[in-house]
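Close look at the chain arrangement
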Amino acid sequence: MYTLALSICCSVAVSVLLKMARSRGIHIGQAIAVNYAVASALCLALLKPSVSALLVPSSHWLLLVALGVVLPAVFLIMASAVRHAGIVLSDAAQRLSLIVPLLAAFIWFGEPLSTTKLVGVMLALAALAGLLLRPAGQFTRGLPTIVCLLGVWVGYGAIDILFKALAKQGQAFSTTLLGAFVLAGVIMFAGLALRRSRWTLAGIGGGVALGLLNFGNIYFYIRAHQTFPENPSLVFASMNIGVIVLGTLTGALLFGERLTTPNKLGIGLAIGAVWVLFRA
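Residues numbered from 1 in each chain as written. Predicted model: local features only at pLDDT ≥ 70, side-chain atom pairs only at ≥ 80, totals over all residues. Heavy atoms only, no water.

Quick word on helix α5 (residues 87-96)
Buried residues dominate α5, accounting for ten of its ten residues. Of all the positions in α5, only I87, V88, L89, S90, D91, A92, A93, Q94, R95 and L96 are classed as buried. (Buried < 20%, exposed > 50% of the residue type's maximum accessible area, 1.4 Å probe, protein only. Helix = DSSP H or I, 4+ residues; strand = E, 2+ residues; numbered from the N terminus.)

Below you can see the structure in the form of structure tokens.
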């Protein structure tokens, strides 16, 4: 189980780094760009993707380009969410994104929704409402928080849909991951060049740390699935619930993040929703 524990720790550590970035003088854009360079190198070294497959023109490219654009955009939204809403709510919203592909399959592709899955979706939507709920009279002030959390929820759900779409077209996961990392990195570096961003050691160092943690989350998650090949639901549920719980403890104990009663209820419902959905 240590691989799963390491994946959970890396995931929450990414949020901690994003939370501390501004106070440590880390330029988020630079850190995210360097992160993709580091993640690409690690992907090549450890997952052994087929580089030649990426160089062959195919119908996969449209989805891959979409993934390359969405990945850095959602990373920037996540950084903003951690700043405005904190680690606890941001990590919970990220993990609740698992219902977005379910809703897409049900609404657009006409896939049947079992009673158990329907209960899980309803719990997840109730949890999301609890996370977004602002105290009376604070809606306008809390609007950036609401927008960021919704962006995290929809954005990570969209990433999941794109990865699954590429997998259905026969693209190997490691190859897809490398292509997405490289494209995301190119987009981020190009954007920084156009804005004539002044590079700093803090931005580069933060990016290296972010890349190690970001890739570590993915790598150890893959290893956890390889360790438990006959029980993927255990890995899925443990990963999502583990991140929500550890994120809650980290936000509360390290950063003193305060939650309203609806927020606390939302965290509890999120854990319940994950458990129900992966028992379905």
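Quick word on the packing of aromatic side chains
Under the criterion given, the structure shown has eight aromatic pairs. Both rings, one in Y36 and one in F181, keep their centres 5.9 Å apart while their planes meet at 40°; by these two values the pair is tilted. Pair noted here: Y36 is in helix α2 (residues 28-47) and F181 is in helix α9 (residues 173-194), with a separation of 145 residues, a long-range link. Note on accessibility: Y36 and F181 belong to one class, buried. On the numbers, 5.7 Å between centres and 25° between planes, the contact of F189 with W199 is stacked. Here F189 is found in helix α9, whereas its partner W199 is found in the loop between α9 and α10 (201-227), with ten residues between them in sequence. Owing to a relative accessible area of 32%, F189 belongs among the partly exposed residues under this scheme. Among the aromatic residues, those joined into a ring-pair cluster are Y36, F75 and F181. For the cation-ring pair, K19 lies above F255, with the distance from its terminal atom to the ring centre recorded as 5.7 Å. (Phe/Tyr/Trp six-rings, centres within 6.5 Å; stacked < 30°, edge-to-face > 60°. Lys NZ or Arg CZ within 6 Å of the ring centre and 35° of its normal.)

Considerations on the side chain of E257
Considering the arrangement of structural elements, one finds E257 in the loop between α11 (232-255) and α12 (261-279). Within polar-contact distance, the side chain of E257 engages the backbone nitrogen of I87 at 2.7 Å. Those residues within four positions of E257 in sequence are excluded, and the remaining contacts are K19, G86, I87, V88, G251 and A252. (Polar contact = N/O pair within 3.5 Å; in protein donor to acceptor, adjacent residues only side chain to side chain. Contact = heavy atoms within 4.5 Å.)

Brief notes about a nonpolar patch on the surface
On the surface, a cluster of nonpolar side chains totalling about 410 Å² of accessible area is made up of F189, W199, I204, V208 and L212. Counting residues per element, the nonpolar patch draws most heavily on α10, which supplies three residues. Inspection of the secondary structure puts V208 in helix α10. (Patch = residues over 30% accessible without salt bridge, like charges linked within 9 Å, V, L, I, M, F, W, Y side chains within 5 Å. Areas by Shrake-Rupley, 256 points an atom, 1.4 Å probe, with all protein chains shown as cover. Salt bridge = Lys/Arg side-chain N within 4 Å of Asp/Glu carboxyl O.)

Points about the packing of α11 against α12
Two quantities define a packed helix pair, namely the angle between the axes and the distance from one axis to the other. One way to put it is that α11 packs onto α12 with a least axis distance of 9 Å and a crossing angle of 175°. It follows that α11 is roughly antiparallel to α12 by the angle criterion. The residues of α12 that touch α11, namely those facing S233, F236, A237, N240, I241, I244, V245 and T248, are I267, A270, I271, V274, W275 and F278. Considered class by class, the residues forming the contact of α11 with α12 number eleven nonpolar, three polar and no charged. (Axes fitted to C-alpha atoms, helices over the stretch in contact; angles between N-to-C directions. Parallel < 35°, antiparallel > 145°, perpendicular 65-115°, else oblique. Nonpolar A, V, L, I, M, F, W, Y, C, P; charged D, E, K, R; others polar.)

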